[in-house]
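One-letter residues, chain by chain:
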Amino acid sequence: MAFRSRRDKLRIILSGSACVHPGSVYDAISIRIAEDLGFPLGMFGGSVASLAVLGDPDITLITLTELAEQMRRMSRAASLPVLVDADHGYGNALNVRRTVQELETAGAAGLTIEDTLLPAAFGEAKAQLISLEEGVGKMKAALDGRGDPSLVVIGRTGAASITSIEDAIRRARAYEATGVDALFFTGVKSRAELEAIAAATRLPIVLGGAPEDVNVLDYLAGQRVRIALQGHAPIAAAMQAVYETQKALREGTPPKALKGLPSAELTNRVTREADVKARSADVLGLKK
């Protein structure tokens, strides 16, 4: 299949002995930059998808169609494998099955399905979880929706920060039994909690943020963590850069006096100008 090599790369990361930091990606330019810088993997978070596509906060307003289309754009632009945060699968277990089908077709190397109750329930300000039974059903549906066996399906739980570390372990073991490829945990607060998780489970672990003393690659690798997220600073930095540039222009700064703009060399590299010129010479008869 067209995207199997990307999925194989993600599987190699999960089956290895090291822990890696993924690059945060959200569009064609960001994924090319991450690939050029040598990141082994891209992470397409739900929050950055909402920002990039809608300009909205992470409150589950983005649709599956919008998420999959943005993934498709990135797949076209670069060959970096991407792990997609598919949130709750955009509905019940049957919706999860379709979510997997759509993201597989869009070129994702892998995806995560979580047990958070989304969208938030009426009148509830605090995050809630779906039942363990519903969570297991979603994991089974995700696996059933997978057409390419190399696509990585990861079961995710936020129980560590919503209920308890004991509940996180209970849910993780149940998801593990469905046959998912890895386990994703958010809200882990200490080394003791991570060590309890590692001792009670057997699958590769993906960690969604952790305190500074936990987020040490060698230590994480020893706890079977294979992917450790570092947040989504790139899109925040891009937002600030666009703001500063627009502000300067609005205040009368001449375009040639603007600061922080990319060099022509970087722009040409990211837009793959050399490849475009070569193709134009071959098929349009243009001079190189």
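Because the structure is predicted, anything quoted here is derived from the model rather than measured.

*Asks:* Explain the layout of surface pockets here, please?
*Replies:* Any space left empty among the atoms is revealed by the rolling of a water-sized probe across them. Its boundaries defined by the atoms lining it, the largest pocket holds a volume of some 450 Å³. What lines the largest pocket is a set of 26 residues, among which D58, D87, E114, T116 and R156 lie closest to the centre. Broken down by secondary-structure element, the contributors of at least two residues to the lining of the largest pocket are α3 (46–53), α7 (159–162) and β6 (182–186). The class makeup of the residues in the lining of the largest pocket is nine nonpolar, 12 polar and five charged.

*Asks:* Looking at this structure, I do not really get the packing of helix α2 (residues 28–36) against helix α4 (residues 64–77). What am I missing?
*Replies:* If you want to describe how two helices pack, look at the angle between their axes and the distance between the axes. Contact geometry of α2 with α4 gives a least axis separation of 8 Å together with a crossing angle of 45 degrees. Between α2 and α4, the angle is such that the two are oblique. The crossing of α2 and α4 is right-handed. In this structure, α2 contributes A28, I31 and R32 to the contact, and α4 contributes M74, R76 and A77. Looking at side-chain class alone, the contact of α2 with α4 contains four nonpolar, no polar and two charged residues.

*Asks:* Would you mind showing me how to read the pattern of salt bridges here?
*Replies:* Side chains bearing opposite charge may pair, as long as their charged atoms lie close to each other. Going through the model one piece at a time under the given rule, you end up with 16 salt bridges. One salt bridge connects E35 with R272, and the closest N-O pair in it is separated by 3.5 Å. In this pair, E35 is assigned in helix α2 and R272 in the loop between α12 (264–270) and α13 (273–284), connecting sequence segments 237 residues apart. Note on E35: relative accessible area 24%, which makes it partly exposed. In the salt-bridge network here, residues are joined through shared partners; they are D115, D167, R170 and R171.

*Asks:* Got a minute to help me understand the nonpolar core in this structure?
*Replies:* The tendency in soluble globular proteins is for nonpolar side chains to be buried side by side. Formed by 62 residues in total, the largest nonpolar core has its most connected members in F44, V84, L103 and L220. The contact partners of L220, leaving out residues within four places of it in the chain, are C19, L194, L207, V214, N215, V225 and A228. If you look at the next biggest cluster of nonpolar residues, it comprises 15 residues, including I13, L83, A182 and V206.

*Asks:* Is there a simple way to think about the side chain of D181 in this case?
*Replies:* With respect to the helices and strands, D181 occurs in the loop between α8 (165–178) and β6. A polar atom in the side chain of D181 sits 3.3 Å from the side chain of R11.

*Asks:* Explain the pairing of strand β8 (residues 225–228) here, please?
*Replies:* Each regular strand displays side chains that alternate between the two surfaces of the sheet. Direction of pairing for strand β7 (residues 205–208) relative to β8: parallel, over a ladder of three bridges. The residue bridging I205 from the neighbouring strand is V225, located in β8. The parallel pair β7 and β8, bridged by helix α10 (residues 217–222), forms a crossover whose chirality is right-handed.

*Asks:* Would you take a moment to explain the packing of α4 against helix α5 (residues 93–106) for this structure?
*Replies:* Remark: α4 packs on α5, axes separated minimally by 8 Å, with the N-to-C direction vectors making an angle of 20 degrees. With respect to α5, the axis of α4 lies roughly parallel. Helix-helix and strand crossings are classified by hand; for α4 and α5 the assignment is right-handed. The residues of α5 that touch α4, namely those facing L64, L67, A68, M71, R72 and S75, are R98, T99, E102, L103, T105 and A106. Grouping the constituent residues of the contact of α4 with α5 by class yields six nonpolar, three polar and three charged.

*Asks:* Help me out: how do you make sense of the packing of aromatic side chains in this one?
*Replies:* In this description, a pair of aromatic rings is defined by centroid distance and the angle of the planes. Under the definition given, this model contains zero aromatic pairs. The ring centre of F184 lies 4.6 Å from the NZ or CZ of R156, which sits over that ring. The cationic tip of R191 hangs over the ring face of Y219; the distance from NZ or CZ to the ring centre is 3.8 Å.

*Asks:* Help me understand the pairing of β7, please; the structure alone is not making it clear to me.
*Replies:* Relative to β7, β6 runs parallel, the two being bridged by four bridges. Looking at the pairing, F184 lines up with V206 of β7. With helix α9 (residues 191–200) bridging β6 and the parallel β7, this β-α-β connection has right-handed handedness.

*Asks:* Could you clarify how one ought to interpret a nonpolar patch on the surface in this entry?
*Replies:* A contiguous nonpolar surface patch, about 270 Å² in accessible area, is contributed by I29, I33 and L37. Structurally, I33 can be placed in helix α2.

Calculation criteria
Starting afresh in each chain, residues are numbered from 1 along the sequence in its written order. Owing to the predicted nature of the model, reporting of local features is limited to residues with pLDDT of at least 70; listing and counting of side-chain atom pairs is limited to 80 or more, with chain, interface and lining totals taken over all residues. Values shown for side chains rest on all heavy atoms present in the structure; no hydrogens or waters enter the calculation. Grid points spaced at 1 Å over the protein atoms alone were grouped into cavities, where a 1.4 Å probe fits but cannot get out, and pockets, open sets with protein on both sides within 12 Å along at least five of seven lines, with lining residues defined by an atom within 4 Å of a point. Grid points are joined across faces, edges and corners, and a volume is the space filled by probe spheres set on the points. Per the convention used, a helix needs a DSSP run of H or I reaching at least four residues, while a strand needs a run of E reaching at least two, with both numbered from the N terminus. Only Asp, Glu, Lys and Arg are considered charged, only Ala, Val, Leu, Ile, Met, Phe, Trp, Tyr, Cys and Pro nonpolar, and every remaining residue, Gly among them, polar. An axis is simply a line fitted to the C-alpha atoms; with a helix, the fit covers only the stretch in contact. Between two such axes, the angle follows the N-to-C directions and lies from 0 to 180 degrees. Small angles under 35 degrees read as roughly parallel and large ones over 145 as roughly antiparallel, with 65 to 115 read as roughly perpendicular and the rest as oblique. In this scheme the handedness of a crossing depends on how the near helix is turned from the far one: anticlockwise by less than a right angle means left-handed, clockwise means right-handed. Should any heavy atoms of two residues lie within 4.5 Å, those residues are considered in contact. In the sections that follow, a salt bridge refers to a side-chain nitrogen of Lys or Arg positioned within 4 Å of a carboxyl oxygen of Asp or Glu. Accessibility here uses a 1.4 Å probe with only protein chains present; expressed as a share of the type maximum, an area under 20% marks a residue as buried, one over 50% as exposed, and anything in between as partly exposed. Residues enter a nonpolar core if they are buried and are Ala, Val, Leu, Ile, Met, Phe, Trp, Tyr or Cys, with the set joined through side-chain atoms within 4.5 Å. Here a polar contact is recorded for every N or O atom pair within 3.5 Å, except that within protein the pair must consist of a potential hydrogen donor and a potential acceptor, and residues adjacent in sequence are included only if both atoms are side-chain atoms. Strand pairing requires that DSSP identify at least two bridges connecting the strands. For a crossover, the right-handed case is the one in which the path from the first strand over the helix to the second runs clockwise, viewed with the strands pointing away from the viewer. Any pair of Phe, Tyr and Trp rings, taking the six-membered ring for Trp, is counted once the centres come within 6.5 Å. Such a pair is stacked with planes under 30 degrees apart, edge-to-face with planes over 60 apart, and tilted for the rest. For a ring to carry a charge above it, either NZ of a lysine or CZ of an arginine must fall within 6 Å of the ring centroid while also lying within 35 degrees of the normal to the ring plane. A patch consists of residues whose relative accessible area exceeds 30% and which take part in no salt bridge; residues with like charges are grouped when within 9 Å of each other, and nonpolar side chains (Val, Leu, Ile, Met, Phe, Trp, Tyr) when within 5 Å. Calculation of accessible area relied on Shrake-Rupley with a 1.4 Å probe; when residues are assessed, cover is drawn exclusively from the protein chains displayed.

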